[in-house]
Every structure is written in structure tokens, then in C-alpha cells.
Amino acid sequence: MISILLVQSALCQALLTACWSSALIAVGALMYFRLARQHSAAQRHLSGMLCIALMQLIPLKVFFAVLVNGDVPDALLTTTEGFAAVVPPDVLIPEGSDTLALAGWISVFWLAGVTAMALRWTVAMLYLRRWQQNISTRVPPELSAMLQTLRQQMQIRRQVSLRLLQDRLEPWTAHLWHPVIALPQQVLQQLPLQHVRAILAHELAHIRRLDWLWNQIQLLAETILFFHPAVWWLSKQIRTEREHATDDLALRCTGTDPLILAEALTMLARLQGQQQRGRSSNWQLATVSQAQDDAGKGSRFRQRIMRLLNQPDGPAVRFSMPLAVLMALSFTGGVVVAPVLPDMVLKATQIQIATAPEIPELPSLPELPASPKLPSLPQAPDVPQAPELPAAIPPLSESEPYQAVLAQLQNDPGIRRHAGADLQFGKPVYGRIYIREHWFEPGTSYVKYHIPVSGSQGTAMVVVHATKPDKVWKVDSIDLEALPKPAASAPA
């Protein structure tokens, strides 16, 4: 049985392992991003995703390894006398109980942080659902045709839905199996058509690259390892490389001019800035030079614009001094505390067990009186033998439903019109009887027959349906099907 103390020990060991392992992984990712400038943005994005996945897998492995192999010894479950025989006296110090409190506070802190991050994730999904309910589905036909053309050029087999936003100026994509692109209404009104096409190509590139899935994996890492600055730094770098890889894919598959995409992003950014400042002025087409003036030095937006124009803009990956200090502290704390944490928790557990008060012995219960002997049950009567079933089931043509239906078919005017007089009914080639509950009349028996008939004018197949609502069979419908003529035999 897994105890709460063992779970706390496993959780603390995993979190402290994450402190130093994530710091090392982040340093390795920094060296890779600095040395792999010639690699494509898609390769750098994939490497970053592997690093952030490794940050989650290493502490997860440690957590389950402690749970499986870190069982409390049997001596800890004995009384005080038996415990003192296996634990040295110098271990039983009052100060050791602080270790259990530390492990408990670490667990509470981590659970509170994970709950807050999960709540943030849930609120974001609820906002997304509310926006999807308020967006318009009326898309101009020329815009829908443009979307389908771009989707075919990018070889996306999934159906993509296009919606228009009324109150937001940021296009986005959502969902994996049934993707949706949300495009601001003002973009269609104030941007040229070629710039709208460039923005649509960028959003379709997100769909083809399955960026919705990669973003959810990032959010999971940010939720579990919310306390580590290396995770947030790496997540920021991954999002930057993701946008670069999406731009490259959109330009390569649709043949869009990089200058057009840069201008579209610039105009969209200026439009968002005007909305945030609350100004309502006439729209003027922005140029790339205006975007460089508006964007601050070192911003991701400026870096993205300059990359589209093939102009260098300083180092692609930055590592600030406060971030380096925090990562060094995380690494040091994890390396120093993680190896000795199991022994600290074990000693604190021993102290609690050794100082626990003795439980008094419970008084013995009186013996229960012997139960009286139950009387014997009477012998069950013999079961009567079931009557024998008939040797054979009567043929269908001799059944009572068939005879009742056949009597009504003899005088049917429709059959006489088709087959003529002197009707001769053959044996039914198909018959079925149902006794079940019908939605139109409960408890009604139902039959269906296929009966060949011949007369003076020809032959036919009669398909008849009948029911028995009031203990009398009644024909409900009659269908006539012409029988195929026999093939003429070939001359000898």
C-alpha cells in the first residue's frame, strides 16, 4: 500500500530533479539554438519540442521510480521497542520533524500552482468557445474560394472552416481534427486582397504543421513545471521558431512574396495598436520602415519582419542575466537537496513512529452463544413433465394466418385486373411472422408473404402485409411484382 509520506517523498524528489535537469536541458538548448542558425526553423522548433518533452519525462520517471522502489521498511511499522532495535539513538532528534513539514509544504505549493495554471488553461478554452459562438459564419464567396485554393496548394486534406471576428483584430486557428480559422472583419475591409491571402496562407500553415497539438504540449509543460524559469524561456523560443517555420511553409507552398507577408503583418500590427489606444482615425497603408520604427529593439515582431526581409537583427536567441541567476539557483538547489531527500524523509518518518503514544489493548470480546439448529426444510414437490412438442412444424401454406390472408386475396380487384380470372395461388416462396410491440399499435401480430399467382392474363408475385389487431387477420397492403419470363431453350 502506498502511503501519503511516500507520495510526498516521490513528488519532492521529482520536483527537485526537475530543478537541475531542466536547467541542464535549457543550457543545451541554448547552445543548440546559437550553433544551429543555418538549420531550418522547422528543425529548431522540433528540437525545442524534444527538449521541453524531456523536461517533463525525467521528473516523471523519477516520481514513479520512487513509488515503485521506495517502500517504507517493515521495521517502521512495528512498535517503539522493536523500532529502537534497528534505529540508532542519534537519529531520534526532535528537529527531524521539520523535514516532513518541508515536504508537505513543497507538495502543497506545487499542487496550488498546478491548479492555478490548469484554471488559466480552462478559462482560455472557455473564452475560445465563447468567441466561436459569437463569430459570423457569413464569408464572402471570393474569400471561401481563395481559402480552398490555398488549402489545395498546401495539400491539407482536412476540411477547414473560415469565420469572421467582429470585436478582435488578431487572427487565430483552433482545433486539430476540424480546424477553424478566425479572421478579423476589419482585415477584409482595410487590407488589400493580396495581404489577406498572405495572412490566410500563414494560418493554413499552422494547420498543416499541427501547431494546435504542439501548443497543447507546451501548455502541459508550463502547467506541470510552472515554477522553473527555464521552461518559460524555452517555451518562448519554441513559439518564436514556430512562427518562423510557419512563415517559411506559407511562402514555400503558396509562392507568396516575403515582402507582401511582411507588409500584411505590419499593417495588422498597426491596426491592433490603433484599437488598443482607442483611436478612430482613417486607415493608411503601413510600410515596413514604419513597422521598424514602431517595434522596439529586440522584439519578436521586429525579428520576424527582418527575417522575412533577409536582414540580420542581432542574435536570434537571448539569455538574460536574471534568467541565468534563477536557473543557477534551481540547478544548485536540485543537485544539493535531491540526493539526500529520501533519507531526510525516512528519518522524519522514524521520529514520528518512535514518539507516537502507545495504543492501549482492547478488552477481549465475550464468546458468542452457539446458534440454534435450524429445522429441516420440507421436500420440494415433483415438477410435472412438460408436454411433448409436435413431431414436425406444419407447412406455411397450412397455417391459420396464411389461410385467412389467402381468402381475402381471392376477391382482390387489383390482382384480378393484373392476372385476370381463374386465379391460381401457388405455395408461398417467402413468409415471416412477427409478434412484437409496434409503435403504431402495441401488441399487434404481423405477417408478410410472397405468393405467386397466375390467371388468364399472366402471372405475378403478390407481396402482402397483414396484421391481427382484433383477433382477425386483416390485409393492410398488397404489392404486385411481375415474374420474369422463362428463357427460351436453344434449338437442338
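Definitions and cut-offs
- Residues numbered from 1 in each chain as written.
- Predicted model: local features only at pLDDT ≥ 70, side-chain atom pairs only at ≥ 80, totals over all residues.
- Heavy atoms only, no water.
- Helix = DSSP H or I, 4+ residues; strand = E, 2+ residues; numbered from the N terminus.
- Buried < 20%, exposed > 50% of the residue type's maximum accessible area, 1.4 Å probe, protein only.
- Contact = heavy atoms within 4.5 Å.
- Areas by Shrake-Rupley, 256 points an atom, 1.4 Å probe, with all protein chains shown as cover.
- Pairing = 2+ DSSP bridges.
- Axes fitted to C-alpha atoms, helices over the stretch in contact; angles between N-to-C directions.
- Salt bridge = Lys/Arg side-chain N within 4 Å of Asp/Glu carboxyl O.
- Phe/Tyr/Trp six-rings, centres within 6.5 Å; stacked < 30°, edge-to-face > 60°.
- Expected span 1.5 Å × (residues − 1).
- Patch = residues over 30% accessible without salt bridge, like charges linked within 9 Å, V, L, I, M, F, W, Y side chains within 5 Å.
- 1 Å grid on protein atoms, 1.4 Å probe; cavity = no way out; pocket = protein on both sides within 12 Å on 5 of 7 lines; lining within 4 Å.
- Points joined across faces, edges and corners; volume = space filled by probe spheres on them.
- Nonpolar A, V, L, I, M, F, W, Y, C, P; charged D, E, K, R; others polar.
- Core = buried A, V, L, I, M, F, W, Y, C linked by side-chain atoms within 4.5 Å.

As for the overall build of the chain
Each helix and strand counted, the chain has 16 helices and 8 strands in total. Counting the 492 residues in the chain, one finds 39% classified as buried. In the chain, once contacts between residues fewer than 6 apart in sequence are set aside, the share between residues at least 24 apart is 67%. In the form shown here, the chain has an accessible surface area of approximately 30,400 Å², with 61% of it arising from carbon and sulfur atoms.

A short note on the sheet that holds strand E3 (residues 180-184)
Taken together, 3 strands build an open sheet; the order of strands is E1-E3-E2 and the sheet is mixed. Every other strand in the sheet has two partners, leaving strand E1 (161-165) and strand E2 (172-174) as the edge strands with one partner each. When strand polarity is set aside, the average angle formed by the axes of neighbouring strands in this sheet is 25 degrees. Looking at chain direction, E2 and E3 are connected through 3 bridges and run antiparallel. Paired with Ala-174 across the strands is Val-180, a residue of E3.

Section: unusual backbone geometry
A positive phi is found at Gln-155, a non-glycine position, where the angle reads about 55 degrees. For Leu-210, which is not glycine, the phi torsion reads 60 degrees and is therefore positive. By the secondary structure assignment, Leu-210 is in the loop between helix H7 (193-208) and helix H8 (211-224). Note on Leu-210: relative accessible area 32%, which makes it partly exposed.

Concerning the pattern of salt bridges
Counting across every chain of the model gives 6 salt bridges. A salt bridge links Arg-209 to Asp-211; its shortest N-O distance comes to 3.3 Å. Take Arg-209 and Asp-211: they sit in the same class, and that class is buried. Two residues, Arg-307 and Asp-248, come together in a salt bridge whose shortest N-O distance is 2.6 Å. Note that Arg-307 is positioned in helix H12 (residues 300-308) and Asp-248 in helix H9 (residues 229-254), a separation of 59 residues in sequence.

Section: the packing of aromatic side chains
Geometry of an aromatic ring pair is reported as the spacing of the ring centres plus the angle between the planes. Scanning the model with the defined rule gives 5 aromatic pairs in all. Ring geometry for Phe-226 against Phe-227: centres 5.7 Å apart, planes inclined by 90 degrees, an arrangement best described as edge-to-face. Judged by relative accessible area, Phe-226 falls into the buried class, the value being 16%. Residues Tyr-402 and Tyr-449 carry aromatic rings whose centres are separated by 5.4 Å and whose planes lie at 80 degrees to one another, so their mutual orientation is edge-to-face. With Tyr-402 in helix H15 (residues 400-409) and Tyr-449 in strand E6 (residues 444-454), the pair connects residues that are 47 residues apart, well separated along the chain. Ring pairing ties together the aromatic residues Phe-109, Phe-226 and Phe-227, which thus form one cluster.

Looking at H7
A turn of α-helix holds 3.6 residues, and therefore any two residues three or four places apart point the same way. Taking 1.5 Å per residue as the helical rise, H7 with its 16 residues ought to reach 22 Å, and the 22 Å between its terminal C-alpha atoms agrees with that figure. The buried fraction of H7 amounts to 12 of the 16 residues, a majority that puts the element mostly inside the structure. Taken together, the buried positions of H7 are occupied by His-195, Val-196, Ala-198, Ile-199, Leu-200, Ala-201, His-202, Glu-203, Leu-204, Ala-205, His-206 and Ile-207. Phi for Leu-210, located one or two positions after H7, is positive at around 60 degrees.

What about a nonpolar patch on the surface?
On the surface, Leu-54, Leu-57, Leu-60 and Phe-64 cluster together into a nonpolar patch covering about 390 Å² of accessible area. As for its position among the elements, Leu-60 is in helix H2 (residues 41-69). Assessed through its relative accessible area of 45%, Leu-60 is described here as partly exposed.

Considerations on the pairing of E3
Consecutive residues of a regular strand have side chains that alternate between opposite faces of the sheet. In terms of burial, E3 is largely enclosed, as 5 of its 5 residues are buried. Alternating positions in E3 separate into two faces, Val-180, Ala-182 and Pro-184 on one and Ile-181 and Leu-183 on the other, with burial throughout. Bridge analysis of E1 against E3 gives 5 bridges, and the strand direction is parallel. Across the sheet, the residue bridging to Leu-162 is Ile-181, located in E3.

As for empty space enclosed by the protein
Under the criterion given, the structure shown has 2 cavities of 30 Å³ or more. Roughly 60 Å³ of volume is contained in the largest cavity. In terms of lining, the largest cavity is formed by Arg-158, Thr-173, Ala-174, His-175, Leu-176, Pro-179, His-206, Ile-207, Leu-210, Asp-211 and Trp-212. Elements with a minimum of two residues in the lining of the largest cavity: E2, H7 and H8. For the lining of the largest cavity, a count of residues per class yields 6 nonpolar, 3 polar and 2 charged.

Focus: the nonpolar core
One finds Leu-143, Leu-162, Ile-181, Leu-183, Ile-199, Leu-200 and Leu-204 to be the most contacted residues of the largest nonpolar core, which totals 34 residues. Of all the elements in the fold, those that place two or more residues in this core are helix H5 (141-153), E1, E3, H7, H9, helix H10 (258-277) and H12. Residues in contact with Leu-204, not counting those within four places in the same chain, are Leu-147, Leu-150, Arg-151, Met-154, Ile-156, Val-160 and Ile-181. Residues Val-405, Leu-406, Val-453 and Ala-466 belong to the second largest nonpolar core, which totals 18 residues.

So, the layout of surface pockets
Looking at the largest pocket, its volume works out to about 1,500 Å³. The set of elements that each furnish at least two residues to the lining of the largest pocket consists of helix H4 (97-134), E2, H7, H8, H9, H10 and H12. Among the elements that line the lining of the largest pocket, the one with the most residues is H4, at 8 residues.

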